[in-house]
Each structure stands twice: as C-alpha cells, then as structure tokens.
Number of protein chains: 2
Amino acid sequence: MKKPKIVILGAGYGGLMTAVRLQKLVGVNEADIVLVNKNDYHYETTWLHEASAGTLHHDRVRYDIRDVIDRNKVEFIQDTAIEVKIEEKKVITENNEINYDYLVVALGAEPETFGIKGLKEHAFSIVNVNAARQIREHIDYNFATYNTEEEKKEERLTFVVGGAGFTGIEFLGELTNRIPELCREYDVDYKKVRVICVEAAPMVLPGFDPELVNYAVAQLEKKGVEFMIGTAIKEATEDGIVVAKGEDEVQHIKANTVVWAAGVRGSSIIENSGFEAMRGRVKVEPDLRAPGHDNVFIVGDCSLIINEEINRPYPPTAQIAMQQGEVCARNLAALIRGKADLETFTPDIKGTVCSLGEDDAIGVAFGKKMYGGKASFMKKMVDNRALYMIGGPSLVLKKGKFNIL
Amino acid sequence: MKKPKIVILGAGYGGLMTAVRLQKLVGVNEADIVLVNKNDYHYETTWLHEASAGTLHHDRVRYDIRDVIDRNKVEFIQDTAIEVKIEEKKVITENNEINYDYLVVALGAEPETFGIKGLKEHAFSIVNVNAARQIREHIDYNFATYNTEEEKKEERLTFVVGGAGFTGIEFLGELTNRIPELCREYDVDYKKVRVICVEAAPMVLPGFDPELVNYAVAQLEKKGVEFMIGTAIKEATEDGIVVAKGEDEVQHIKANTVVWAAGVRGSSIIENSGFEAMRGRVKVEPDLRAPGHDNVFIVGDCSLIINEEINRPYPPTAQIAMQQGEVCARNLAALIRGKADLETFTPDIKGTVCSLGEDDAIGVAFGKKMYGGKASFMKKMVDNRALYMIGGPSLVLKKGKFNIL
C-alpha cells in the first residue's frame, strides 16, 4: 500500500505547528510529510510591527524552518503556492506541481484595503519580513533626507497609521519609541514630527476593555500620537491621504509614510482555488476541514470560526492558529490510521495583550486586567511561549525576549 | 582704539585650523574673533565616503565645534554665509549681517558637474554629513525594497560611481566592503549586485604611482567593481545614466544609485561676491590673501595654488587646507600687530594615502610607496593626525581610528 502524502502549505504559526506536531505523532512509515513555504524561514507575524518601526532587528523576528523540523520526517520545499487544484489533488507552485493525499492550507493573511483608492500603491502594510524592513528603511530614509533639502518638507516627518486596531496600536507604540532616536540620529527637531492615527470606527481597539483602551490612548498621546477617530481614509495619494469625518469634513494630510494596518483578509489563493470563502477565509467544519473536502484542512488566518457567545468570527490570531495546528496534526494522524472520529476544535483564549512599545502594554490574561510594566512582561512571555510551543526551550533561548523590566 | 574684528567663514579644515591657531596666538584684547559655520559641528570631509557607504557612523565623522574652540576668545555663530560685500566689509548671512575688519574665507568645495545633464537632479554627491547619511539610507532602502517587489528590479542593486579619482576610489573601497553585509541583511544574492565605476579620463587615480594604481584596480576588481575607463557620463536620468566610449558606443545603464565623485569646485559664494576666480577658486597671493584685497584671506578648497614643479594647481586637500590655516593665523596676528611682512605659504606634502576599504590602501608617505595593511595603517594615522592638529590628544582619543590591523 502506498504511503499517504500530507502536504502543508505555509510555515506560519498554523502550518509550522501542524508540521512539528505531526512529526512527533506520525512514524516515518506512516506518511510522507511535505512542508511548502515561500521563504526558508518562519517569521513571527505578531512581532513585525517592531521590525517595521526599527525597534527590533528583523533577524530577531525570524528563524530557519530547518531548525525546528525533523528533516528525517518532514521534507521542506522552498516554493510559492499559486493554486490548489482540488479535483486533481495537487498544488501548483511557482516552480513545480505537488500531489497530495491530504492537504493543510495555512497560507496566512493578506492586507484588506476595502477598495480604498490608492492604498495598494501608496501605503505600506506590515505583512512580512520584506515589508517590515522596507518600512523601517523608508522611515529612516525620510529622516535622512529631511535635512538635505533646502525647502524642508514636513511630509517627510509625517507618519500616518491607518487603523487603531491591534496592529495599528502596537506599531504606534514602537514608532513613538523610535522617533526620538531618529531625531537624534539625523539632527531633526522632535517637535516637527507628526504621528497621526486615522480610524474609521468610532473607537480604538474595539472589543478591548474600555478602561485599558483609555490608558492606551493616553499613553500614546503622551508620546505624541494624534488620534483621528471616526475618520475614514478616502484615498491614498502619492503625497499623503485624503480623510473625511462624516460627509463634509474632507481633509488632505500630506505624509510620505502611510502604514495601512486596518485589516487583513485570508489568502487570495483560497478564492483562486475555488474554496467557498468570505474575504479569503473559509468557514471550516468543527474538525477544521473545508466543507465538502474531506482531505483538506484549513488553519490559521484562512480559516473562519464563529465565537458562539457573541455570534461573530474570532479575530485571526497566532494563538488560535497554533491551537488549530495541534488539533489539525492529531486529526491528520487519526485519518491516516483510518479513524473516522475526528476531534472538534474549540479556541481556548488564554488572554490578549496589546503592546504599547518596549516597556508598556495593556492586556487581559487569565481573566485579569493589567497595564504598564506588568502587561509588558506578560506580552514578552506570550511571545516566548509561541517560540516554546514550536521550537522548545532551545528556540526560546535563541530568539526569546529577555529585556524584562 | 577699536579692537579689530576677524571673521572666519567656515569651520572645515582650513577655517577651523585658522580659528584654533589664532586663539593661541592672539590675546583677548588684541582682536575679536568670530567663527561662522552652517552647522554647530565640524566634519571630516575626507572620511565622508565611509559614512556614505555605511561603514562608519556619521557621528564618528563629526565633532562639536565648541569642543575645540576657546569660547573666551572665539565667538561661534551658527549661520549660513550667503555673500561677502567686499566694499562694505560685511558678510550677509541667512539670519544676519556681520561686519569685519579682516575676513578669512574658508567655505570649502561644492560638487562640479561640468554641466552634465541631469547630474544635479539624479546623482548623489558626497559633500557633507546630510548627504552622506542620505546616500547610506538610499543604498539600504534599495536593498530593503528589492525583495518586496514581485518584478525584481536589477537597477536597485546597480551602483554607479562617477569618477575614478580619490573620492571615487575610496568610496568604492568602502562600498564593496559594505555590500556583502547588505546582502546578508536583506537576503539578496551577492551575484545580482553590480558596482560600476565610470571615468572619462583614460586612467584611474591620475597622478598616482602606476604600480600602486594597478594594485588598487586589481583589488577593487576582486571585490566586484567593473571599471569603465575612458568612458564619459553623458547624462543622468531618473533611472540611470547614459555613457559613451568615444563617439559612437552610447550605452544606457539602469541604476537607482549614482554617486558623482568626479570633481569639486570652490564655493559659489566666491563668485557671487565678485572675487575673481576659476570654478570658485581664487588664485591667492603667496601670503594667502585675495589679490587686491588686503584684508581678505582665502584658505582651503576656495583657494588655488600652483605647483611650480609641474605648473599645475595643487589638488585641494585637507592637508593643504590645514597648513594654510596655520600660516593664515600667523599672518593675521602679524597684520593686527601692524607688521607689514607676511609669511609666504608653501605646501609641504608629506604623503598621500588612498584607502581601498577598512583594511586596504595604497599610498606614498615620506617618499616611500606602500600598499595593503601598511598603507591602511598609515591612512588611519593620517586621519588621526588631522584630529590631533585641530583638537589635540583628547580629540584623537574621542574620535580617532584605532581599528588597526
């Protein structure tokens, strides 16, 4: 009998967790496991705002996939998935075609620009290592250029962050820590720098405890952030953005740096492959399989799971993706061993901590509200835990955050 | 009797040396000394190629003027000179007017683009700290952006240096040391990077010993530099340069980074003020005064002195500027004391060392040819000596180069 072949697309939190759990659960003779990823490294998506602001080097944010997989059990292929041919049970990649018996789609998220004109062309998104280091260099470059021009351009020192959700707020925390350093580095007057956060919703960090949100806003304002809440970005242009508060108050803000952090969607490969999806996210079965496709699992940001308590989807997070990876691995092991009963996935939300820079944060963990140094410590423990779950203690030692107050 | 007022324009090698020597020679009651400079710091023009390539931080390349002047004797004004009104004995600055009895013009050099189309708009020049850190960031930014674009643009990794003179060669040495680091930093394939040196003259480093020039060319070629000698830049465009070898062989080279290092001229303030000059350089009297202006000295890159041995002007160097500063200070002291006999300036060329990167160089010093580590050591000693002459041992300790092989 031919060994079944399991192909995992993507080495983000969900895909990599599936791979490292599967290599423990399944024997060499039970299945061939193939992990396909665009890069030869995994990156911590939840740390990218730090690399983007330049407060953490991007090499601290990624590690070699080969360092955490057991290469006797998992074959790693560096290639970019383009489309899944569901009927033919194969994946088309940039350089090849890969057949599978079982597929795990863990392709992560893409920025969602909601059709806002010019955003794709003129705004940055904190989406991967390449983007993060480009944003960092772009910020540095504008500081470096400011003093070289006879006519001083204030837009070089104006930074717009679109979105006051999790990523937007965390990026603002890092950026406002970095700016005083940049001012010193490039002889720029701190008072000339503007950091503006534009959010279409009427609130910052929707879903978060209001008391903690107030703390976060006050802390960021103290560090110089101007919040424009209930204000929509209408258009991004070559030299800035057009915003509108209500119908009439249209305003043009000149800014060389616009970072769009107001939303993500699932991978476009989901739709291109014919899966039924909403914004690239497939409402998966309780066992994480795609409806109607018994051999295809979908985990991470491309999956959609409803939080029954509030009848709304869970936001895509690393925490959920990793938990899905664990269940997905167990379900795959069951399937190849011919078992019909698969495990149901239920998210176990241990807490949520939102960083406000290296030394500050807000959060709820184990049912307790916290802010400041304590929350910041907790955030670092959350970050270290993600490393631990995938790579064990050696990865924590190598890549962990120990700059604890 | 009113104390005479001596105004020194520029705190480069020539102007700053004049100021620090003058403050030792002249008593507080003998003269008012005013030093005017655009920035509150002096920078080592001869080290800017390192800051531009990113191999030395720009803060290592500059120091606070107030750290080396005696503020009881020299008043420092941070302002930008615009024009000298010779007849009215005053200097127009951006924010003020400054009257003088004696003037020292030490305003340094500007890039000379020989009217080549587009160079001013599309090429960088290694002219000051602002420009150097912008070049560094521009290079970094192109590396950072290369991997973010789906269609890979080779021009992001193509670097053109215009000119194979001193600055061009020294910059190439640093740049080729920096590139392997950048390739690692941004996951860029080293083989994709091109570094091209375009020189209109038929040779590299004209005036240098041919054996040493051959060594330099071989070393730089080993580090990846393509030399296009006897090739003129005809035009710089938004996306590169147009070069021509002879009349017909016109070629377009796509490059996002073009650094023009093929020549300097004196300050345009020289001509704007009505001094008789060639490319901003005044052929000064033997005592360093401007012809026909008994109270105006010109030192450094705005002065022109003929090397009688070869009947050609000395190239403007830090070495000559500092020697001029010393003579200028003594002649000013003599003048305010009513002496008519001024000292004649004769350059004393102790040697010339051209760096090929942190660990390599070629040079002639004390009549001896040298290359490699020995010449590199000598280069660092030359750099340290400039610090010593202006700021004494404490400045050498603070800013000196001790990364000696």
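Every value quoted in this text rests on a predicted model; they were computed, and no experiment measured them.

Q: Explanation requested: the overall build of chain A in the structure shown.
A: Looking only at helices and strands, chain A features nine helices and 27 strands. Along the first, second and third principal axes, the C-alpha set of chain A runs to 75 × 45 × 45 Å. For chain A, buried positions account for 49% of its 405 residues. Long-range contacts, defined as pairs at least 24 residues apart, comprise 66% of the intrachain contacts of chain A with a sequence gap of at least 6.

Q: I tried to follow the relation of the copies chain A and chain B on my own but got confused; where do I start?
A: Between chain A and chain B, which share one sequence, the superposing operator has a rotation angle of 180 degrees and an axial displacement of 0.0 Å; the RMSD is 0.0 Å. What the rotation and shift describe, once combined, is the action of a two-fold rotation axis. Most of the interface of chain A is mirrored in chain B, where 100% of its interface residues are also at the interface.

Q: Even after reading the chapter, I still don't get the interface of chain A and chain B, so can you show me in this structure?
A: As a measure of interface size, the accessible area lost when the parts come together is often cited. Every contact between the two is made by 13 residues of chain A and, on the other side, 13 residues of chain B. The biggest single contributor to the side of chain A that touches chain B is helix α4 (residues 129-146) of chain A, with ten residues. Among the residues forming the side of chain A that touches chain B, the class breakdown is four nonpolar, six polar and three charged.

Q: What's the story with the sheet that holds strand β13 (residues 194-199) of chain B in this structure? I'm lost.
A: Through backbone hydrogen bonds, the strands of a sheet pair up, either in parallel or in antiparallel fashion. Residues and elements named next belong to chain B. Taken in spatial order, the five strands make up an open sheet running β11-β18-β12-β13-β14, and their pairing is parallel. Where the open sheet ends on each side, the last strands, each with one partner, are β11 (124-125) and β14 (225-229). Strand direction decides the pairing type here: β11 and strand β18 (residues 257-260), joined by two bridges, are parallel. Within the sheet, the bridge partner assigned to F124 lies in β18 and is V259. Together, β12 (158-162), β13, β14 and β18 form the strand contacts of helix α5 (residues 166-185), whose direction differs from that of β13 by roughly 175 degrees.

Q: Can you walk me through the confidence of the model for chain A in this structure?
A: Atom-level detail of predicted coordinates should not be read off regions where pLDDT is low. Averaged over all residues, the pLDDT of chain A equals 95, while 99% of them reach at least 70. Two summary scores accompany this predicted model of the complex, namely pTM at 0.85 and ipTM at 0.75.

Q: Is there a simple way to explain the domain arrangement of chain A in this structure?
A: Residues and elements named next belong to chain A. The assigned domain composition of chain A is domain 1 (5-111 + 265-349) and domain 2 (119-262). Using only C-alpha atoms to locate each centre, domain 1 and domain 2 end up separated by 32 Å. Taken residue by residue, the interface counts 13 residues in domain 1 and 19 residues in domain 2. Sort the elements by how many residues they give to the side of domain 1 that touches domain 2 and helix α2 (residues 48-53) lands first, with six residues.

Q: Mind showing me how you'd approach the sheet that holds strand β15 (residues 231-237) of chain B here?
A: Residues and elements named next belong to chain B. Read across the sheet, three strands follow the order β15-β16-β17 without closing on themselves; strand pairing throughout is antiparallel. Of all the strands in the sheet, just β15 and β17 (249-254) have a single pairing partner and so form its edges. Adjacent strand axes in the sheet meet at a mean angle of 25 degrees, parallel and antiparallel pairs treated alike.

Q: Is there a simple way to explain the environment of H122 of chain B in this structure?
A: Residues and elements named next belong to chain B. Checked against the element boundaries, H122 lands in helix α3 (residues 119-122). H122 sits in the partly exposed class, given 18 other C-beta atoms within 10 Å. Distance from H122 to V264, taken between C-alpha atoms, is 17 Å for residues 142 residues apart in sequence. H122 has contacts with A236, T237, E238 and V258, leaving out every residue within four places of it along the chain.

Q: Hey, could you run me through the pairing of strand β9 (residues 102-105) of chain B in this one?
A: Moving residue by residue along a regular strand, the side chains alternate between the two faces of the sheet. All names here are of chain B. In β9, alternate side chains face the same way, and those of Y102 and V104 on one face and L103 and V105 on the other are all buried. Sheet topology note: the β9/strand β21 (residues 296-298) ladder contains three bridges and is parallel. In the sheet register, V105 faces β21, and the bridge partner there is I298.

Q: Explain the packing of α4 of chain A against helix α5 (residues 166-186) of chain A here, please?
A: The description of two helices packed together rests on the angle between their axes and the distance between the axes. Residue and element names in this part refer to chain A. Orientation of α4 relative to α5, taken along the N-to-C sense of each, is 40 degrees, at an axis distance of 9 Å. Between α4 and α5 lies a crossing whose hand is right-handed. Contact residues: α4 offers D140, F143, A144 and Y146, while α5 offers L182, E185 and Y186.

Q: What is the right way to read the packing of helix α1 (residues 13-25) of chain A against helix α8 (residues 318-336) of chain A from this model?
A: All names here are of chain A. Contact geometry of α1 with α8 gives a least axis separation of 7 Å together with a crossing angle of 35 degrees. Judged by the twist between their axes, the crossing of α1 over α8 is right-handed. Packed against α1, whose contacting residues are Y13, G14, M17, T18, R21, L22 and L25, the element α8 presents A318, A321, M322, Q324, G325, E326, C328, A329, R330, L332 and A333 at the interface. When its residues are assigned to classes, the contact of α1 with α8 shows eleven nonpolar, four polar and three charged.

Q: Which parts of the structure should I look at to understand the nonpolar core?
A: One broad rule of soluble globular proteins: the nonpolar side chains tend to lie buried together. In this structure, V259 of chain A together with A216 and V259 of chain B are the most contacted members of the largest nonpolar core, which totals 132 residues. Residue contacts for A216 of chain B: discarding those within four places in its chain leaves I169, V204, L205, C354, L356 and I362 of chain B.

Q: Would you mind showing me how to read helix α1 (residues 13-25) of chain B here?
A: Quick reminder: α-helices carry 3.6 residues per turn. Residues three or four places apart thus point the same way. Residue and element names in this part refer to chain B. The end-to-end C-alpha distance of α1 is 18 Å, a good match for the 18 Å that 13 residues give at a rise of 1.5 Å each. Within α1, eleven of the 13 residues are buried, leaving the element largely enclosed by the surrounding structure. Of the positions making up α1, those classed as buried are Y13, G14, G15, L16, M17, T18, A19, V20, R21, L22 and Q23.

Q: Where do I start with helix α8 (residues 318-336) of chain B in this structure?
A: Residues and elements named next belong to chain B. For α8, which comprises 19 residues, the first-to-last C-alpha distance of 27 Å matches the rise-based estimate of 27 Å (1.5 Å per residue) to within 8%. The buried count for α8 comes to 15 of 19 residues, which makes it a mostly enclosed element. Note on α8: the residue one or two positions beyond its end, G338, has a positive phi of about 80 degrees.

Conventions we followed
- Residues numbered from 1 in each chain as written.
- Chains lettered and ligands numbered in written order.
- Predicted model: local features only at pLDDT ≥ 70, side-chain atom pairs only at ≥ 80, totals over all residues.
- Helix = DSSP H or I, 4+ residues; strand = E, 2+ residues; numbered from the N terminus.
- Buried ≥ 20, exposed ≤ 12 C-beta atoms within 10 Å, placed from the backbone.
- Contact = placed C-beta atoms within 7 Å.
- Least-squares fit on C-alpha atoms with pLDDT ≥ 70 in both.
- Nonpolar A, V, L, I, M, F, W, Y, C, P; charged D, E, K, R; others polar.
- Pairing = 2+ DSSP bridges.
- Axes fitted to C-alpha atoms, helices over the stretch in contact; angles between N-to-C directions.
- pLDDT = per-residue confidence, 0-100.
- Domains from an automatic or database assignment.
- Left-handed = near helix turned anticlockwise from the far one by under 90°.
- Core = buried A, V, L, I, M, F, W, Y, C linked by C-beta atoms within 7 Å.
- Expected span 1.5 Å × (residues − 1).

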